[in-house]
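Each chain, written out:
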Amino acid sequence: MAKSTRKIEPAYTLARERYAALGVDTDAALRQLARIPISIHCWQGDDVGGFENPGGTLGDGLAVTGNYPGKARTPAELRADFEKVLSLLPGQHRFNLHASYAEMGAKKVERDALSADQFQNWIAWAKSLGIGLDFNQTYFAHPKVERGWTLTHPDKAIRQFWIEHGIRCREIGAAFGKALDKTCLTNLWIPDGMKDTPVDRKGPRERLVESLDAIFKKRIDHKLNVDSVEPKLFGIGAESYTPGSHEFYLGYAVSRGTLLTLDAGHYHPTEGIADKVSSVLCFLPEIALHVSRGVRWDSDHVVTLTDELLAIAQEIVWGGFADRVRIGLDYFDASINRVAAWTIGTRNMLKALLLALVAPIEKLKTAELEGDYTTRLALMEDAKLLPAGAVWDYYCAQQEVPVGDAWLAEVKRYEKTVLSARQ
Ligand code: RNT
Ligand code: ZN
């Protein structure tokens, strides 16, 4: 532990005693926390830009607002920024790439012809850091997202193009898994939908089943790559109908054995994903999360320590699901320093997990089983002010990353010396 942080030890010692009195072992909680990786999305670093077409526009159901200076313009810049983020996070995490982050080199390859060749730099970089990679098909920001449709398009040729893209990305995911010896999660989300009331809700869904079955036909060793599908209620320009709804993909995942990705911004504004975790895990071996924060709509704000986030973490930890839920983040804010946005959101996810890990869950469960809901409520409320902050500080010091808000000074320094030079 660094010398300058030794003063946090007395606070931790007191906190540990306080928790021990409630039957909570904080040292064990920290060991557990250190084993939970967060899959951190590449796209916060460059406003979902990718590197296929410099200066291309986003659209297709996604919108990033803000123009804070310093966004990563090249893969090398994105990698450097993310390394800075990693240096500010306790624990071992993963990097989540999109197909649009392919590095073309001399020969530009279309999305239906991508291979691991375009991701060699990413693989070498991840290997050098000892981190795993996750992956996503990119079904947006492309001329073949015609009228907002991809895998549900009425034109077979367009569907086939996107089916090929889906297959290529699973192969790339498997190459990541193999090269890094860490299973890759390849997540599929499509923007398909209708602005106004459709007359045929069935056709696009039938075509989507067919397209997905074609994409997932080829068996891939689950040690190398696992697939997930991500439902959504609506999107910009798809306000009235989304073929890939929750019910659609839940049925698909259960019947076909893929994972299901629950994105916190993809439901009705007051509908959380926390309650879905234990429901869906009754029927699926594993799920993935896109932890996000919608403000009035699926706005993808930076993840903050909200009740919804705490509830998600509690479900994962209290349910004993840490090894069945692949926690990923999905937000993009271009109005603040992007390295800070990454750091704030990820540290919040970790803090929420820590809070769940140090809650007096055994006492709470006993009270509930005995029907003593008074004690359950009283303990839950009291637990909110237990000294978890001292435990978090100790964890950061133990992991040799900045304690408290010291990470911010590091980001400001990085902004001044590196980001501000990008114009
Ligand atoms: C869109 C989905 C999807 C994307 C990323 C960039 O609503 O949440 O996961 O945000 O693939
Ligand atoms: Zn998402």
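Residues numbered from 1 in each chain as written. Chains lettered and ligands numbered in written order. Predicted model: local features only at pLDDT ≥ 70, side-chain atom pairs only at ≥ 80, totals over all residues. Heavy atoms only, no water.

1. Side note on the overall build of the protein
Part 1 of the reasoning: Regarding its fold elements, the protein presents 14 helices and 10 strands.
Part 2 of the reasoning: Computed over C-alpha atoms, the radius of gyration of the protein comes to 22 Å, within 12% of the 22 Å expected from 2.2 N^0.38 for 423 residues, which places it in the range of a compact globule.
Part 3 of the reasoning: For the protein, the spread of C-alpha atoms along the three principal axes comes to 65 × 55 × 40 Å.
Part 4 of the reasoning: When each of the 423 residues of the protein is scored for burial, the buried share is 53%.
Part 5 of the reasoning: Relative to all contacts within the protein whose residues are 6 or more apart in sequence, the contacts with residues 24 or more apart total 81%.
Part 6 of the reasoning: If you sum the accessible surface of the protein, you get close to 18800 Å²; carbon and sulfur atoms cover 54% of it.
Part 7 of the reasoning: Averaging the positions of the 51 positive and the 55 negative side-chain charges in the protein gives two centres separated by 4 Å. (Helix = DSSP H or I, 4+ residues; strand = E, 2+ residues; numbered from the N terminus. Rg over C-alpha atoms; globule rule 2.2 N^0.38 Å. Buried < 20%, exposed > 50% of the residue type's maximum accessible area, 1.4 Å probe, protein only. Contact = heavy atoms within 4.5 Å. Areas by Shrake-Rupley, 256 points an atom, 1.4 Å probe, with all protein chains shown as cover. Lys, Arg positive; Asp, Glu negative; His and termini not counted. Charge placed at Lys NZ, Arg CZ, Asp CG, Glu CD.)

2. Examining the site of ligand 1
Part 1 of the reasoning: All residues adjacent to ligand 1 are W43, L62, H98, W189, E230, K232, D263, H266, H290, D298, D330 and F332.
Part 2 of the reasoning: Contact between ligand 1 and D330: an oxygen atom at 2.8 Å from a side-chain N or O atom of the residue.
Part 3 of the reasoning: Here ligand 1, which alone exposes 310 Å², has 99% of that area covered by the protein.
Part 4 of the reasoning: Per-class residue counts for the shell around ligand 1 are 4 nonpolar, 3 polar and 5 charged. (Near = heavy atom within 4 Å. Polar contact = N/O pair within 3.5 Å; in protein donor to acceptor, adjacent residues only side chain to side chain. Nonpolar A, V, L, I, M, F, W, Y, C, P; charged D, E, K, R; others polar.)

3. Considering the nonpolar core
The nonpolar side chains of soluble globular proteins are, as a tendency, buried together.
Part 1 of the reasoning: Residues F95, L97, W122, L151, L289 and L353 are the most contacted members of the largest nonpolar core, which totals 125 residues.
Part 2 of the reasoning: Considering every element that reaches this core, the biggest residue donor is helix α10 (residues 338-357), with 11 residues.
Part 3 of the reasoning: Every residue in contact with L151, bar those within four places of it in the chain, is listed here: Y139, R159, W162, I163, L188, I190, D192, R207, L208, S211, L212 and I215. (Core = buried A, V, L, I, M, F, W, Y, C linked by side-chain atoms within 4.5 Å.)

4. Describing the packing of helix α9 (residues 307-318) against α10
Part 1 of the reasoning: The contact between α9 and α10 brings their axes to 8 Å, and the two run at 55°. The orientation of α9 with respect to α10, classified from their angle, is oblique. Considering only the axes of α9 and α10, their crossing is right-handed. Each of L309, L310, A313, Q314, V317 and W318 in α9 lies in contact with α10, whose residues at this interface are N348, M349, A352, L353, L355, A356 and L357. (Axes fitted to C-alpha atoms, helices over the stretch in contact; angles between N-to-C directions. Parallel < 35°, antiparallel > 145°, perpendicular 65-115°, else oblique. Left-handed = near helix turned anticlockwise from the far one by under 90°.)

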